[in-house]
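# Structural characterization, general
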Amino acid sequence: MIHGLRDIRVIDFSDEIAGPYTTKLFADAGADVIKVEPPEGDPMRTWSASGADLQGQDGAFFQFLHTRKRSVIGRPEDPEILALIEGADLVVESFEPGVIDALDLTNRFPGLVVLSISPWGRGGPYTGRPATEFTIQAECGSIAGRGLPSQPPIMAGGRITEWVGGTFAAVAAQSAVRRAQQTGHGEHIDFSLLEVMNIASTSHSDLMDSMVGRRDVVGPIRTVEIPSIEPTADGWVGFNTNSRQQYNDFLVLIERPDLLDDEEFPTIVGRWARADEWNEIVRTYTRKHTTNDIVEKASLLRIPVAPVNDGKSVLEHPHFQARGVFLENPGGGFLQPRPSWRINGETARPLVPAPALGEHDGQIEAHERASASVPRPPEGEPPLPLEGIRVLDATAWWAGPSSTQMLGYLGAEVIHLEAIQRLDGMRMMGGTFAHVNPRWYEMSGIYLAANNNKLGLTLDLNQDEGLELARSLISRCDVFVENFSPRVVEKFDLDWDTVHALNPATVMVRMPAFGLDGPWRDNVGFAQTMEQMSGLAWLTGHVDDQPRIQRGPCDPLAGMHAAFAALVGLAQRDETGLGSLLECTMVEGALNAASEQLVEYSAYGAVLQRDGNRAPYAAPQGVYACAGVEQWLALSIANDDQWRALVGALGNPSWASNSELATHAGRRAAHDTLDAELSAWAADRDLSSTVEKLVALGIPAAPVYPGTKASLHPQMAAREFFETMRHPVAGEHPMATVPFRFVSRKQPWLRFPAPTVGQHNRQILGDLLGKSEAEISALEEREVIGTTPLGL
């Protein structure tokens, strides 16, 4: 029987996507989620991204986000709502700062966890600043790095900031709830969407900029990947070549093995320098073949590949159909993606229709917060939530390491496993520094950013001794996380049956790209693949260009889904004493983030399209060039009051007096005209003073801030989001940490940097596994372990 989070009650005051997706994750795991709405209801009840006529019914997207929840009407200060909060374990809210604070909930109800989600976080000069998801992307550094230099910079579509935010917030919240259940310590979690999007969508470019010496770049810093999304005879296909082997195999695929001797094309910089030539080479091949033909051939060569799906074609993909990924919504009859993880082969809870407004008024039974029975906690700063938990991290690249890194930030002891014969692939990104440092493999920005607070161990699993040591280590761990392809796990005999026999209490988290079964089971996939496959890339890009990948969000998105699943597994173990198998499929996490477009198609027959920097929820919205070089103003008008304020800031021009522009629908219809007028207005204006003038009027406006300078951003600097990493090879640099603050925590989140190769071999093998110094030296001689990579 799946216990999951059945003992937890959540009171949800949030709106939009981030908070509701956080509480959806809890509801999917069995928690009792009570949505508290104002008398007029959550505005998302009437929302349709395609503008469908809802005929008085709740929108399909609202129904997706709120399955398995209950609804009551009220406000936080109402006595009956306070009575619900008194028995709750978690409160999630997205009010303006000050609303929830006035109720002093964590002091009023000891042991309660409060999660406050806001655009900027609480504290710092941006607190309370008007914002939309678009201006958050602009400020965090995401937009500046995406797109062709010949075009304006481009946002990542599909409101991805909120989806990634929801997953990170769920992990932070459940870790704090678990600690409250065990120690009685409550918590107020201050969560920043600005910070989460910096992590998810800038590829840690600030760290890389620091490592190369803070070069001043004049002109565009944006790029696109090549090869990536390419035209075919009947649509689009997506590739990525993260390793040299994948690049070599790609040349075989496109029938150009003669290029294997070219010294420039194998590097990203070399391809970019000859982009027109490269694109013509690739597209000469792809335009002659269908998408399915290319996908089939590339898959046989183990090249990461996918069709570029939209909201219609994603529902028709044979792999998803074979796995039963899409479920019928019990209230609306449309299809929606199932949760991205399964526990012991099951979802934790069957689907229940989203509630009608106030459907459960007066029907909510009493509930005692689990922490209420815990003796009063000691004074002083509480321990980190996962102190005492040991994790073996057999993951590589970014998705898996980001998952275990978060467990490490939250206090777990994390051991990162690789081999001197096969390093974590993300280390290869340090090749940029090969000409200046022989230990260049210690200088990959994303490796450093995704593996701090971990111990480093090398074991050659192809040798019996190495495999036996791994099994011995698993038997001493609370959580074992891996993202090998399923066939590799089977080769090493490290599947669930083996792990459960080694230690029945171990929680095993598997992170396959496409799942443990289905026709794509053994296909290779990275974040780029997930963005292409799920439809997220379909919504990203200029209208007159092509679909573009979002550049990374699907890695930490998958990572946080897996981290949350691990916490559900620990909660299950707390109840039963037994570990569980959690299958956390990377692509199914992406499908949840892309759910709006597939739900819109399934419910209303509407295929959402990419629309540049425009979005259904705001008009006008876009980037407008101000005076100077690369001085882009990001502007987003989300309601009529903001439009009237903008008209005043423009000086009440005659063109803005058109009555049709007084409504959102009218402005959406006239967006081309608005863009032309706003471009002319902005062209000779100073960016900084224009932003400040607009913000002072309550208008969401922002500079398109470079991700390479994010550690200097006034809000992120004020909140100390970046901490100093001191690494023995890479040196001292600012490092992005976690996108939230525990109010109770005064210590830094960054306790120690990412490990060098095999840095803690002796500590782990000696102290934990009881090996003598002589035995460890013998293992080094036989290259079972080591600190120097082989074959580089």
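Look above for the structure.
Everything numeric here is computed off the predicted structure, so don't read it as measured data. (Residues numbered from 1 in each chain as written. Predicted model: local features only at pLDDT ≥ 70, side-chain atom pairs only at ≥ 80, totals over all residues. Heavy atoms only, no water.)

## Examining the nonpolar core
What tends to happen in soluble globular proteins is that the nonpolar side chains get buried as a cluster. Counting 156 residues, the largest nonpolar core has Phe26, Trp341, Val509, Phe564 and Phe740 as its most contacted members. Excluding residues within four positions of it along the chain, Phe26 makes contact with Leu5, Val10, Ala31, Val33, Leu90, Ala170, Ala173, Gln174 and Phe564. Counting 29 residues, the second largest nonpolar core, distinct from the first, contains Ala394, Leu455, Met508 and Ile776. (Core = buried A, V, L, I, M, F, W, Y, C linked by side-chain atoms within 4.5 Å. Buried < 20%, exposed > 50% of the residue type's maximum accessible area, 1.4 Å probe, protein only. Contact = heavy atoms within 4.5 Å.)

## A look at the sheet that holds strand 9 (residues 305-307)
One open sheet holds the three strands; their spatial order is 7-8-9, and the pairing between them is antiparallel. Of all strands in the sheet, those bounded by a partner on one side alone are strand 7 (229-231) and strand 9. On average, adjacent strands in this sheet sit at an angle of 30 degrees to one another, irrespective of strand direction. Pairing analysis gives three bridges linking strand 7 to strand 8 (residues 236-239), with the strands arranged antiparallel. Each residue of the ladder has a partner; that of Ile229, found in strand 8, is Gly238. (Pairing = 2+ DSSP bridges. Helix = DSSP H or I, 4+ residues; strand = E, 2+ residues; numbered from the N terminus. Axes fitted to C-alpha atoms, helices over the stretch in contact; angles between N-to-C directions.)

## Observations concerning the packing of aromatic side chains
What the rule picks out here adds up to 19 aromatic pairs. Here Phe26 and Phe564 contribute two aromatic rings whose centre-to-centre distance is 5.4 Å and whose plane-to-plane angle is 65 degrees, an arrangement assigned as edge-to-face. With a gap of 538 residues between them, Phe26 in helix 1 (residues 18-28) and Phe564 in helix 21 (residues 554-576) connect regions that are remote in the sequence. A residue is classified by how much of its surface remains accessible, and Phe26, at 0% relative accessible area, is buried. By the ring-pair criterion, three or more aromatic residues cluster together here, those being Phe239, Tyr247, Phe250, Phe265 and Trp278. Sitting over the face of the ring of Trp278, Arg271 holds its NZ or CZ atom 5.7 Å from the ring centroid. Sitting above the plane of the Tyr447 ring, Arg427 keeps its charged end 4.0 Å from the centroid. (Phe/Tyr/Trp six-rings, centres within 6.5 Å; stacked < 30°, edge-to-face > 60°. Lys NZ or Arg CZ within 6 Å of the ring centre and 35° of its normal.)

## What to know about helix 23 (residues 595-604)
Among all positions in helix 23, only Ser595, Glu596, Gln597, Leu598, Val599 and Glu600 are buried. Within two residues after helix 23, Gly605 carries a phi angle of roughly 75 degrees, on the positive side.

## Remarks on the packing of helix 21 against helix 22 (residues 586-593)
Packing of helix 21 against helix 22 brings their axes to within 9 Å, and their N-to-C directions diverge by 105 degrees. Considering their axes alone, helix 21 and helix 22 lie roughly perpendicular with respect to each other. Facing helix 21, whose interface residues are Cys554, Asp555, Leu557, Ala558 and His561, helix 22 presents Met586, Gly589, Ala590 and Ala593. Of the residues contributing to the contact of helix 21 with helix 22, the split by class is six nonpolar, two polar and one charged. (Parallel < 35°, antiparallel > 145°, perpendicular 65-115°, else oblique. Nonpolar A, V, L, I, M, F, W, Y, C, P; charged D, E, K, R; others polar.)

## A short note on the pairing of strand 4 (residues 90-93)
Of the two faces of strand 4, the one lined by Leu90 and Val92 and the one lined by Val91 and Glu93 are each fully buried. In this structure, strand 1 (residues 9-12) lies alongside strand 4, joined through three bridges in parallel fashion. Residue Asp12 lies in a different strand from strand 4, and its bridge partner there is Val92. Pairing between strand 4 and strand 5 (residues 113-118): four bridges, direction parallel. Residue pairing for strand 5: Leu90 is matched across the bridge by Val113.

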